[in-house]
Amino acid sequence: MKIETFFDFCSGIGAGRLGLEQCGFKCVGRSDTSRLADITYKLMHSTENEKNYGDLRKIQDCQLPNFDLLIAGFPCQSFSVIGKQEGFKDNRGQIIFHIARLLAIYQPKCFILENVKGLVTHDNGKTIKTIINVLNQAGYITSYRVIASLNFGVPQMRERVYFIGFQKNLKIDVKKFRWPQPIPTPNLNQFLIDEYNHPTKTDIDYFMKYLVNPINASRKYSFNDFLKEEYLILDTRMSDMRLYRNKVPTLRAQRDGIYYIKNSELRYLSGYEALLLQGFPKYYADKVKTKVSNRHLLMQAGNAMTVNVINALGNCIKTFFNQEELE
């Protein structure tokens, strides 16, 4: 019993795809409604003769090719702590039910789903219980775990909940499945390598005004002191300045205002660097650097899954099925 193929739902720019391809699995199709994300997807990945099936809510029986694994980073805005937390009342919160419907129809051997950490505690835990129940009704034994990308090869403080489910009819001992173990976090200087991200005079003027806003002025931050500390991360997302060392805050779709110090100069985090911080190898980021705008790369990277985490989960699934086959 092996996992050989997968279908990439809510595919975005294909971080999940890349992580699973690194495990040796083959993509047989994708589904996403974002035209701009799909342009980036096709620039990064080999998609010749491969179809984007569009809105997964409209996919019916017999439309898709057979696949062994379903992967989806389903929309998270309705469960995020920084959003309105409308949950299932939001149309985006309904996507999980359509994923469960497709699982029931196509019955792949297993799945990987990803969402924000806030899903675990949303509505006092009722939401996640509903999701587990719906996946159970679709025919799957499901477990979940919150995983930090920081512990899987990228210096980004991204925490997400990951669901892994196995088809009940396989009659395998799911208790033997082992989640991946953390690995050391690499040095930040391996990722902040874009030499074309010097801020404009407007950027610098904004930053200097930010330093003296009512909240930050009382802290008496010194711009010259910042310049003395190599790879200091300066986060201006909130009204108050947030400083990070050896790591960057979670990347998000609407994520502006991350600066850092390099060679005693102020730099801003570029979309190219955001891709690297999401685990895309430099070779993949190079494919889109000059073909997709920096703004769109920042948004698309913020929406993506972390390649390294998906690769680690995929390898754990692969090992688990190989052991089941031997037994």
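Asks: Would you take a moment to explain the sheet that holds strand β8 (residues 242–244) for this structure?
Replies: Strand pairing in a sheet is mediated by backbone hydrogen bonds. Such pairs are either parallel or antiparallel. Strand order in the open sheet formed by four strands is β8-β7-β9-β10, with antiparallel pairing between adjacent strands. What marks the edges here is a single partner per strand, and that holds for β8 and β10 (265–268). Averaged over all adjacent pairs, the angle separating strand axes in this sheet is 30 degrees, with direction ignored.

Asks: When you look at the nonpolar core in this model, what are you seeing that I'm missing?
Replies: Membership of the largest hydrophobic core comes to 61 residues, with the highest contact counts inside it found for L69, L275, F280, L313, I317 and F321. Examining the composition of this core, we find that nine residues originate from one element, helix α11 (residues 307–326), more than from any other. Apart from residues no more than four positions distant in its own chain, F321 is found in contact with M1, I3, K109, C110, F166, L170 and I172. Y53, I59, F74 and V134 belong to the second largest nonpolar core, which has 29 residues in total.

Asks: Can you help me understand the packing of helix α2 (residues 35–44) against helix α10 (residues 294–303) in this one?
Replies: To describe two helices that pack against each other, one gives the angle between their axes and the distance between the axes. As a packed pair, α2 and α10 sit with axes 11 Å apart at the nearest point and diverge in direction by 90 degrees. Accordingly, the angle class assigned to the pair α2 and α10 is roughly perpendicular. Packed against α2, whose contacting residues are L36, A37 and T40, the element α10 presents H296, L297 and Q300 at the interface. Looking at the contact of α2 with α10, its residues break down into three nonpolar, three polar and no charged.

Asks: When you look at the pattern of salt bridges in this model, what are you seeing that I'm missing?
Replies: When the charged atoms of two side chains with opposite charge come close together, those side chains can pair. What the rule picks out here adds up to 17 salt bridges. For E50, the salt bridge goes to R30, with nearest N and O atoms at 3.4 Å. Taken together, the residues span a long stretch of sequence, with E50 in the loop between α2 and β3 (69–72) and R30 in strand β2 (residues 26–31) at a distance of 20 residues. Residues joined by salt bridges that share partners form a network here, namely R17, E21, R30, D38 and E50.

Asks: Just to check I follow, could you spell out the side chain of D68 for this structure?
Replies: Checked against the element boundaries, D68 lands in the loop between α2 and β3. If we ignore the near neighbours within four places in the chain, the residues touching D68 are K2, I3, E4, T5, P108, K109 and C110.

Asks: I tried to follow the sheet that holds strand β4 (residues 110–116) on my own but got confused; where do I start?
Replies: Strand order across the open sheet formed by six strands is β2-β1-β3-β4-β6-β5, with mixed pairing between neighbours. Pairing within the sheet leaves two strands with one partner each, and these edge strands are β2 and β5 (140–148). Strand-to-strand, the axes of this sheet are offset by a mean angle of 20 degrees, without reference to chain direction. In the sheet, β3 pairs with β4 via four bridges, with the strands oriented parallel. Of the residues in β4, the one forming a bridge with L69 is C110.

Asks: Which parts of the structure should I look at to understand the packing of helix α3 (residues 95–106) against helix α4 (residues 126–137)?
Replies: At a minimum axis separation of 9 Å, α3 and α4 run at an interaxial angle of 20 degrees. Overall, the two elements α3 and α4 adopt an arrangement that is roughly parallel. Classified by chirality, the crossing of α4 by α3 is right-handed. Taking contact as the criterion, the partners of I96, F97, A100 and L103 in α3 are, on α4, T130, I131, V134 and L135. Residues of the contact of α3 with α4, tallied by class, amount to seven nonpolar, one polar and no charged.

Asks: How should I be thinking about the environment of T47 in this particular structure?
Replies: Relative to the helices and strands, T47 resides in the loop between α2 and β3. When the C-alpha positions of T47 and F9 are compared, they lie 15 Å apart, and in sequence the two are 38 residues distant. Each residue touching T47, except ones within four places of it in the same chain, is listed here: R17, R30, Y41 and K42.

Asks: Would you explain unusual backbone geometry in this entry?
Replies: Note: most peptide bonds trans; most residues except glycine with negative phi. The phi angle at K220 is positive, at roughly 55 degrees, despite the residue not being glycine. For K220, the position within the fold is in the loop between α6 (214–217) and α7 (223–226). Of the residues examined, K220 reaches a relative accessible area of 72% and is grouped as exposed. Its identity is not glycine, yet Y231 carries a phi of approximately 65 degrees, on the positive side. Position of Y231 among the secondary structure elements: in the loop between α7 and β7 (233–235).

Asks: I'm lost on the packing of aromatic side chains in this one. Help?
Replies: Tallying each qualifying case throughout the model produces 18 aromatic pairs. Ring centres 5.7 Å apart and planes at 75 degrees place the aromatic pair F177 and W179 in the edge-to-face group. Here F177 matches W179 in class, with each residue buried. On the numbers, 6.2 Å between centres and 35 degrees between planes, the contact of Y206 with Y210 is tilted.

Reading the values: the criteria
- Residues numbered from 1 in each chain as written.
- Predicted model: local features only at pLDDT ≥ 70, side-chain atom pairs only at ≥ 80, totals over all residues.
- Heavy atoms only, no water.
- Pairing = 2+ DSSP bridges.
- Helix = DSSP H or I, 4+ residues; strand = E, 2+ residues; numbered from the N terminus.
- Axes fitted to C-alpha atoms, helices over the stretch in contact; angles between N-to-C directions.
- Core = buried A, V, L, I, M, F, W, Y, C linked by side-chain atoms within 4.5 Å.
- Buried < 20%, exposed > 50% of the residue type's maximum accessible area, 1.4 Å probe, protein only.
- Contact = heavy atoms within 4.5 Å.
- Parallel < 35°, antiparallel > 145°, perpendicular 65-115°, else oblique.
- Nonpolar A, V, L, I, M, F, W, Y, C, P; charged D, E, K, R; others polar.
- Salt bridge = Lys/Arg side-chain N within 4 Å of Asp/Glu carboxyl O.
- Left-handed = near helix turned anticlockwise from the far one by under 90°.
- Phe/Tyr/Trp six-rings, centres within 6.5 Å; stacked < 30°, edge-to-face > 60°.

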